[in-house]
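Given next are the chains, with one letter for each unit.
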Amino acid sequence: ANAFYGCGSLSDVETTEEIQSVGENAFRGCGKLTALRFGKALETVGDMAFAGCVSLSEYTLSGKVRIGTDAFLRVPAQCVCGNGKTILLPRREQL
């Protein structure tokens, strides 16, 4: 949890295939983060893990992933999922 919370210079995240979980608030408030790529082992994205990542334009998830409460709050991104489909997520402004 809180691993990169508020890291202003972080712009891109690509995980190894072994990562199974992203903790609560892990990348919250990383305003310059633009891209995320996760492998097939990812099972859980914690609450508010990417909340406030306002520059995030696209992220990739493979397989079945449990998304925590407000994990992508205030993120204008779309999700490219493992089934090849793109899902547009509604942008929530309130906390």
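Sequence order sets the numbering: in each chain, residues are counted from 1 along the sequence as written. Confidence filtering applies because this is a predicted model: local features only for residues at pLDDT of at least 70, side-chain atom pairs given and counted only at 80 or more, and all residues used for totals across whole chains, interfaces and linings. Side-chain measures here rest on the full set of heavy atoms in the structure, leaving out hydrogens and waters.

### Description of the pattern of salt bridges
- Here, a salt bridge means any side-chain nitrogen of Lys or Arg that lies within 4 Å of a carboxyl oxygen of Asp or Glu. Applying the stated rule across the entire model yields 1 salt bridge.
- Of the charged contacts, one joins Arg37 and Asp12 as a salt bridge, the two residues approaching to 2.9 Å between their closest N and O atoms. Of this pair, Arg37 sits in strand S3 (residues 35–37) while Asp12 sits in strand S1 (residues 12–14), placing them 25 residues apart in sequence.
- Since its relative accessible area comes to 29%, Arg37 is described here as partly exposed.
- On the basis of relative accessibility, which here comes to 38%, the residue Asp12 falls in the partly exposed class. Elements are defined by DSSP. Helices are runs of H or I of four residues or more, strands are runs of E of two residues or more, and each kind is numbered from the N terminus. With a 1.4 Å probe rolled over the protein chains alone, any residue whose accessible area is under 20% of its type maximum counts as buried; one over 50% counts as exposed, and the rest are partly exposed.

### Focus on the environment of Gln20
- With respect to the secondary-structure elements, Gln20 resides in the loop between S1 and strand S2 (21–22).
- Relative accessible area serves as the criterion here: at 47%, Gln20 is assigned to the partly exposed category.
- For Gln20 and Lys40, which are 20 residues apart along the polypeptide, the C-alpha to C-alpha distance reads 8.4 Å.
- Residue contacts follow a heavy-atom distance rule, with two residues in contact if any of their heavy atoms lie within 4.5 Å. In contact with Gln20, not counting residues within four places along its chain, are Ala41, Leu42, Glu43 and Thr44.

### Description of the nonpolar core
- Formed by 21 residues in total, the largest nonpolar core has its most connected members in Phe27, Leu33, Leu36, Phe50 and Phe72.
- What Phe72 contacts, discounting residues up to four positions off in sequence, is Leu36, Val45, Phe50, Leu56, Tyr59 and Ile67. Take the buried residues of types Ala, Val, Leu, Ile, Met, Phe, Trp, Tyr and Cys, join any two whose side-chain atoms come within 4.5 Å, and each joined set is a nonpolar core.

### Remarks on unusual backbone geometry
- Its identity as a non-glycine residue notwithstanding, Met48 has a phi of 55°, on the positive side.
- By the element assignment, Met48 lies in the loop between strand S4 (44–45) and strand S5 (58–61).
- You will see that Arg74, though not glycine, has its phi angle at about 60°, which is positive.
- Within the secondary structure, Arg74 is located in the loop between strand S6 (66–67) and strand S7 (78–81).
- By relative accessible area, Arg74 is classed as partly exposed at 30%.

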